[in-house]
Amino acid sequence: MPSIFDKILSGELSCHRVYEDAHTLAFLDIAPLAPGHTLVIPKEAREHLHQLSDESAAALGLALPRVARAVLAATGAKHYNVLQNNGESAHQAVPHVHFHVIPRLKEKGLGLQWNSGKLEDAEELLERMHTALATEEDPSL
Ligand code: 5GP
């Protein structure tokens, strides 16, 4: 089923467009945490970040700093957060990859609780991660 963002991409739903290129679209969030809160999405229909093709991922890497500069210039904010949620339990509501660019303006912006722990079992984690990286396939194939 097409998500809200698919409908924005197809033009079925309108948006306040900030930026667009061949692979990405950025538009103002309808319920902003601060003025200028912008969403940057790939045109590729994927639910989670790790499912994106290299092409979309590269385009997002280019679009994000551009959009961040526009958000800072438009709002006068000096600081901001980039947030990207994957999965319901990680606070993802819309099942189409999206990055939030959220300026920090006085008391407005992203509320954050950072429950840091202690680095443990690093060698085992590294081994599993390196194996995953060495054997990964292009998700777009
Ligand atoms: P998530 O929790 O999935 O990371 O965030 C989804 C975001 O999409 C929310 O910040 C929400 O306000 C925004 N959003 C949901 N529906 C629409 C819409 O129809 N238009 C726009 N511009 N933003 C939307």
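As shown above, the structure is provided for reference.
Residues numbered from 1 in each chain as written. Predicted model: local features only at pLDDT ≥ 70, side-chain atom pairs only at ≥ 80, totals over all residues. Heavy atoms only, no water.

K.L.:
How should the site of the ligand be read in this particular structure?
P.N.:
Around the ligand, 16 residues are found, and the nearest of them are D29, H91, A93, H98 and H100. Between the ligand and H91 there is a distance of 2.7 Å, counted from an oxygen atom to a backbone nitrogen or oxygen. Contact between the ligand and H98: an oxygen atom at 2.8 Å from a side-chain N or O atom of the residue. Residue assignment for the shell around the ligand shows that the elements contributing at least two residues are helix 1 (4–10) and strand 2 (24–28). Per element, the largest residue contribution to the shell around the ligand is three residues, and it comes from helix 1. Residue composition of the shell around the ligand, grouped by class: ten nonpolar, five polar and one charged. (Near = heavy atom within 4 Å. Polar contact = N/O pair within 3.5 Å; in protein donor to acceptor, adjacent residues only side chain to side chain. Helix = DSSP H or I, 4+ residues; strand = E, 2+ residues; numbered from the N terminus. Nonpolar A, V, L, I, M, F, W, Y, C, P; charged D, E, K, R; others polar.)

K.L.:
When you look at the pairing of strand 3 (residues 38–42) in this model, what are you seeing that I'm missing?
P.N.:
Residues in a regular strand project their side chains so that they alternate between the two faces of the sheet. Of all five residues making up strand 3, five are buried, and the element is well covered by its neighbours. One ladder, built from five bridges, connects strand 2 with strand 3; its direction is antiparallel. In the strand pairing of strand 3, A26 is matched with V40. Pairing of strand 3 with strand 5 (residues 99–104), which is carried by three bridges, proceeds in the antiparallel orientation. Residue T38 lies in a different strand from strand 5, and its bridge partner there is V101. (Buried < 20%, exposed > 50% of the residue type's maximum accessible area, 1.4 Å probe, protein only. Pairing = 2+ DSSP bridges.)

K.L.:
I tried to follow the side chain of T24 on my own but got confused; where do I start?
P.N.:
Mapping T24 onto the fold places it in strand 2. Excluding anything up to four places from it in sequence, T24 contacts Y19, I41, P42, K43, A59, L60 and A63. (Contact = heavy atoms within 4.5 Å.)

K.L.:
Please clarify how a negative patch on the surface should be interpreted in this entry.
P.N.:
A cluster of acidic residues, E120, D121, E123, E124 and E127, forms a negative patch at the surface. Assignment of secondary structure puts E120 in the loop between strand 5 and helix 3 (122–135). (Patch = residues over 30% accessible without salt bridge, like charges linked within 9 Å, V, L, I, M, F, W, Y side chains within 5 Å. Areas by Shrake-Rupley, 256 points an atom, 1.4 Å probe, with all protein chains shown as cover. Salt bridge = Lys/Arg side-chain N within 4 Å of Asp/Glu carboxyl O. Lys, Arg positive; Asp, Glu negative; His and termini not counted. Charge placed at Lys NZ, Arg CZ, Asp CG, Glu CD.)

K.L.:
I keep staring at the layout of surface pockets and nothing clicks. Help me out?
P.N.:
Rolled over the atoms, a probe with the dimensions of a water molecule shows which regions are left empty. Each pocket or cavity is described by its volume, and for the largest pocket that value is around 540 Å³. In terms of lining residues, the largest pocket is bounded by 25 residues, among which F5, D29, I30, A31 and L39 are the most central. Here the element with the most residues in the lining of the largest pocket is helix 1; it accounts for three residues. Classifying every residue of the lining of the largest pocket gives 16 nonpolar, eight polar and one charged. (1 Å grid on protein atoms, 1.4 Å probe; cavity = no way out; pocket = protein on both sides within 12 Å on 5 of 7 lines; lining within 4 Å. Points joined across faces, edges and corners; volume = space filled by probe spheres on them.)

K.L.:
Explain the packing of aromatic side chains to me, please; I cannot follow it from the model alone.
P.N.:
The description of an aromatic ring pair uses the distance of the two centres, along with the angle that the planes make with each other. Under the criterion given, the structure shown has one aromatic pair. Measuring from ring centre to ring centre gives 5.4 Å for F5 and F27, while their planes differ by 75°; the resulting arrangement is edge-to-face. You can see F5 sitting in helix 1 and its partner F27 sitting in strand 2, a full 22 residues away along the chain. On the basis of relative accessibility, which here comes to 3%, the residue F27 falls in the buried class. (Phe/Tyr/Trp six-rings, centres within 6.5 Å; stacked < 30°, edge-to-face > 60°.)

K.L.:
Sorry, what's going on with the side chain of H100 here?
P.N.:
You can see H100 is positioned in strand 5. A polar contact is formed between the side chain of H100 and the side chain of H37, at a distance of 2.9 Å. Those residues in contact with H100 that sit more than four places away from it in its chain are D29, H37, T38, L39, N81, V82, L83 and N85.

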